[in-house]
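Below, each chain spelled out in residue letters.
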Amino acid sequence: MKAVHFGAGNIGRGFIGALLADAKFDTVFVDVNQELIQELNEKNSYTVELAGTGEAETVTGVSGLHSQADEEKVVQAIVEADLITTAVGPHVLAMIAPLLAKGLLKKQGTANVIACENVIGGSHILKKHVWEALTEEEQHQVNQKIGFPNAAVDRIVPDQTNDDLLTVKVEPYYEWVVETKDIHGTRPDISGITYVDDLEPYIERKLFTVNTGHAATAYLGYQYGYKQVKEAISDDAIKEKVKGALSETGAVLIEKYGFERDQHHQYIEKIISRFENPDLLDEVTRVGRAPMRKLSKEDRLVKPASEFTALFNETPSHLVEVIAAALQYDVTSDQEAVQLQELVEKEGPVEAFREVAELEKDHLLVKAVQEQLQ
Ligand SMILES: NC(=O)C1=CN([C@@H]2O[C@H](COP(=O)(O)OP(=O)(O)OC[C@H]3O[C@@H](n4cnc5c(N)ncnc54)[C@H](O)[C@@H]3O)[C@@H](O)[C@H]2O)C=CC1
Ligand SMILES: O=P(O)(O)OC[C@H]1O[C@](O)(CO)[C@@H](O)[C@@H]1O
């Protein structure tokens, strides 16, 4: 079996690539990092270390292509692929879509495209961008043979500090959930995938617990002066606030999906313990990256906070505190943080928040953030 995976970064190599290799796929990684591509083609393998266990896995059957310089080869690889996956970041999906469209158009048999990004409906977002690159007739042709099932991916893979460029250290835990309804042909035979009929409860539980909790730890940690996530979460004051924020998202999730309360709180505890892994060096600036995306209306802070407000007619004080901390996140090496701070400087933090989160002026959440910032 053959796979093409866009994005040979942390999650690409450390999670998706490893699970594809376990399922006996040969994987072509498509990236823009020439150094990574060269290494992949020289070694055709790399190591995945499981943090805190001393265990490691060798991933074989891999190679690399550049998404611009090797365009024709990428198209050919897509033509031959049984499965196409991505882990490039939500904003990059639009950039890879034209090339993906070219390859999909030339394919003969059925295949599936699975976006493995931290966003709700990632594969559908990618499909929308692919559609923009095709005529109506071409869309029809591609629709007959290609599925775009949505997915949720969960594994903490920090930025890497190894001497070897390809080696990647990951947490042992992982979860890859794929929605069955949009799959074309047979389901990819990958034992690491959990197939579900309805992804929504899974992706929301994951995004509004793992990612909300992580973002809360990062923004509060940055505010308190911590560099590493594990340092931030071992500060009791931060941990209590993170737990508070996750109780609020938990209240929304329990109300919406009927999760059992005690089980959900055990899930929260388990997630927090993953942030504490002493063998994971994970900087608050990686987890807090792209604060404008993280403050957008469908993402991990504002969506559960506005749903909490609507459901319970009160504002979630811990999430509001995290949102206020995110508005003060001024990391100069982060393009979105710089852009956010420029907006804060120009419009003031409350108006900046309202604009980024696309909320009405009189929304209770806007008022609560205003009070928090006073
Ligand atoms: N790192 C993690 O723990 C997790 C990350 N994710 C999601 O996975 C996605 C990727 O995240 P990471 O792997 O952490 O980021 P990363 O920055 O390590 O990897 C992204 C890769 O995409 C490549 N890329 C950028 N533009 C490209 C283009 N036009 N064509 C092909 N490749 C391109 C980059 O060179 C890089 O190698 C994000 O959506 C993230 O939210 C999801 C779960 C866990
Ligand atoms: O990848 P994003 O959406 O910028 O957010 C970082 C988050 O993604 C992860 O890398 C994996 O879920 C978490 O470590 C963190 O919560």
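Given the structure is predicted, the values throughout are model-derived calculations rather than measurements. (Residues numbered from 1 in each chain as written. Chains lettered and ligands numbered in written order. Predicted model: local features only at pLDDT ≥ 70, side-chain atom pairs only at ≥ 80, totals over all residues. Heavy atoms only, no water.)

1. Re the confidence of the model for the chain
- Summarising the model, the chain shows a mean pLDDT of 97, and 100% of its residues fall at 70 or more.
- Scoring the predicted complex yields pTM 0.94 and, for the interface, ipTM 0.96. (pLDDT = per-residue confidence, 0-100.)

2. Focus on the environment of tyrosine 226
- Relative to the elements of secondary structure, tyrosine 226 occurs in the loop between helix H7 (200-224) and helix H8 (229-233).
- For tyrosine 226, a relative accessible area of 25% gives the class partly exposed.
- Placed 163 residues apart in sequence, tyrosine 226 and serine 63 show a C-alpha to C-alpha distance of 38 Å.
- A polar contact of 2.6 Å, which involves the side chain of tyrosine 226, links it to the side chain of aspartate 235. (Helix = DSSP H or I, 4+ residues; strand = E, 2+ residues; numbered from the N terminus. Buried < 20%, exposed > 50% of the residue type's maximum accessible area, 1.4 Å probe, protein only. Polar contact = N/O pair within 3.5 Å; in protein donor to acceptor, adjacent residues only side chain to side chain.)

3. Brief notes about the UniProt feature "domain: Mannitol dehydrogenase N-terminal" (unreviewed entry) in the chain
- Cross-referencing UniProt, the feature "domain: Mannitol dehydrogenase N-terminal" (unreviewed entry) maps to residues 1-191 in the present numbering.
- Note that residues 1-191 is 36% helix and 27% strand, and that its end C-alpha atoms are spaced 14 Å apart. (UniProt positions renumbered as here; feature names shortened; annotations may be inferred.)

4. Some points on the side chain of threonine 309
- Looking at where threonine 309 falls in the secondary structure, it is placed in helix H13 (residues 302-312).
- Within the local environment of threonine 309, its side chain forms a polar contact with the backbone oxygen of alanine 305, the two atoms lying 2.7 Å apart.

5. Comments concerning the nonpolar core
- In this structure, Tyr219, Val242, Leu295, Leu301, Ile323 and Phe353 are the most contacted members of the largest nonpolar core, which totals 51 residues.
- Tallying contributions element by element places helix H14 (residues 317-327) first for this core, with seven residues.
- Once residues within four sequence positions are removed from consideration, leucine 295 is found in contact with Leu301, Val302, Ile323, Ala326, Leu327, Leu340, Phe353, Val356 and Ala357.
- Ranked by size, the runner-up nonpolar core spans 28 residues in total, among them Ala81, Ile84, Leu104 and Ile146. (Core = buried A, V, L, I, M, F, W, Y, C linked by side-chain atoms within 4.5 Å. Contact = heavy atoms within 4.5 Å.)

6. Quick look at unusual backbone geometry
- If you check the backbone angles, asparagine 44 has positive phi at about 55 degrees while not being a glycine.
- Mapped onto the secondary structure, asparagine 44 falls in the loop between helix H2 (34-43) and strand E3 (45-50).
- Judged by relative accessible area, asparagine 44 falls into the partly exposed class, the value being 37%.
- Positioned with a positive phi, alanine 290 is a non-glycine residue whose angle comes to about 55 degrees.
- You can see alanine 290 is positioned in the loop between helix H11 (284-287) and helix H12 (291-294).

7. Details of the UniProt feature "domain: Mannitol dehydrogenase C-terminal" (unreviewed entry) in the chain
- UniProt's feature table lists "domain: Mannitol dehydrogenase C-terminal" (unreviewed entry) at residues 198-373, given in the numbering used throughout.
- Within residues 198-373, the helical portion is 73% and the strand portion 0%, while the C-alpha atoms at the span's ends are 39 Å from each other.

8. Focus: the packing of helix H3 (residues 71-80) against helix H4 (residues 93-106)
- Two elements in contact, H3 and H4, have axes separated by 8 Å at closest approach and are oriented at 45 degrees. Regarding the angle of H3 to H4, the classification is oblique. Crossing angle aside, the handedness with which H3 passes H4 is right-handed. Along the contact surface, H3 presents Glu71, Glu72, Val74, Val75, Ile78 and Val79, while H4 presents Leu99, Leu100, Lys102, Gly103, Leu104 and Lys106. (Axes fitted to C-alpha atoms, helices over the stretch in contact; angles between N-to-C directions. Parallel < 35°, antiparallel > 145°, perpendicular 65-115°, else oblique. Left-handed = near helix turned anticlockwise from the far one by under 90°.)

9. Focus: the packing of aromatic side chains
- For the structure shown, the criterion picks out eight aromatic pairs.
- Ring geometry for tryptophan 131 versus phenylalanine 148: centroids 6.2 Å apart, planes at 90 degrees, classification edge-to-face. Of this pair, tryptophan 131 sits in helix H5 (residues 122-132) while phenylalanine 148 sits in the loop between strand E8 (146-147) and strand E9 (151-154), and the two are 17 residues apart along the sequence.
- For tryptophan 131, a relative accessible area of 19% gives the class buried.
- Among the aromatic residues, ring-to-ring pairing joins Phe15, Tyr174 and Trp176 into one connected group. (Phe/Tyr/Trp six-rings, centres within 6.5 Å; stacked < 30°, edge-to-face > 60°.)

10. Re the pairing of strand E1 (residues 2-6)
- Within E1, four of the five residues are buried, leaving the element largely enclosed by the surrounding structure.
- Pairing analysis gives four bridges linking E1 to strand E6 (residues 83-86), with the strands arranged parallel. Within E6, the position partnered with alanine 3 by the bridge is leucine 83. (Pairing = 2+ DSSP bridges.)

11. A word on the sheet that holds strand E4 (residues 55-60)
- Taken together, three strands build an open sheet; the order of strands is E4-E3-E10 and the sheet is mixed. Both outer strands of the open sheet, E4 and strand E10 (168-170), are each paired with one neighbouring strand and no more. Between one strand axis and the next, the sheet turns through 25 degrees on average, direction left out of account.
- Packing of helix H1 (residues 10-22) onto the sheet brings it into contact with E3, E4 and E10, and relative to E3 it is tilted by some 105 degrees.

12. Some words on the site of ligand 1
- As a structural note, the neighbourhood of ligand 1 is formed by 24 residues, with Asn10, Ile11, Asp31, Glu117 and Val157 the closest of them.
- Note that an oxygen atom of ligand 1 is positioned 2.5 Å from one of the side-chain N or O atoms of aspartate 31.
- In this structure, an oxygen atom belonging to ligand 1 sits 2.9 Å away from a main-chain N or O atom of arginine 155.
- Contact with the protein chains hides 84% of the accessible area of ligand 1, taken as 820 Å² for the molecule alone. (Near = heavy atom within 4 Å. Areas by Shrake-Rupley, 256 points an atom, 1.4 Å probe, with all protein chains shown as cover.)

13. Remarks on the sheet that holds E8
- Taken in spatial order, the six strands of this open sheet run E5-E2-E1-E6-E7-E8, and their pairing is parallel. Strands at the two margins of the open sheet, each flanked by one partner only, are strand E5 (62-66) and E8.
- In this structure, E1 lies alongside strand E2 (residues 26-31), joined through five bridges in parallel fashion. Bridged to phenylalanine 6 within E2 is valine 30.
- Running over the sheet, H1 touches E1, E2 and E6 and is turned about 155 degrees from E2.
- Lying on the sheet, H4 is in contact with E1, E6, strand E7 (111-115) and E8; it crosses E6 at an angle near 170 degrees.

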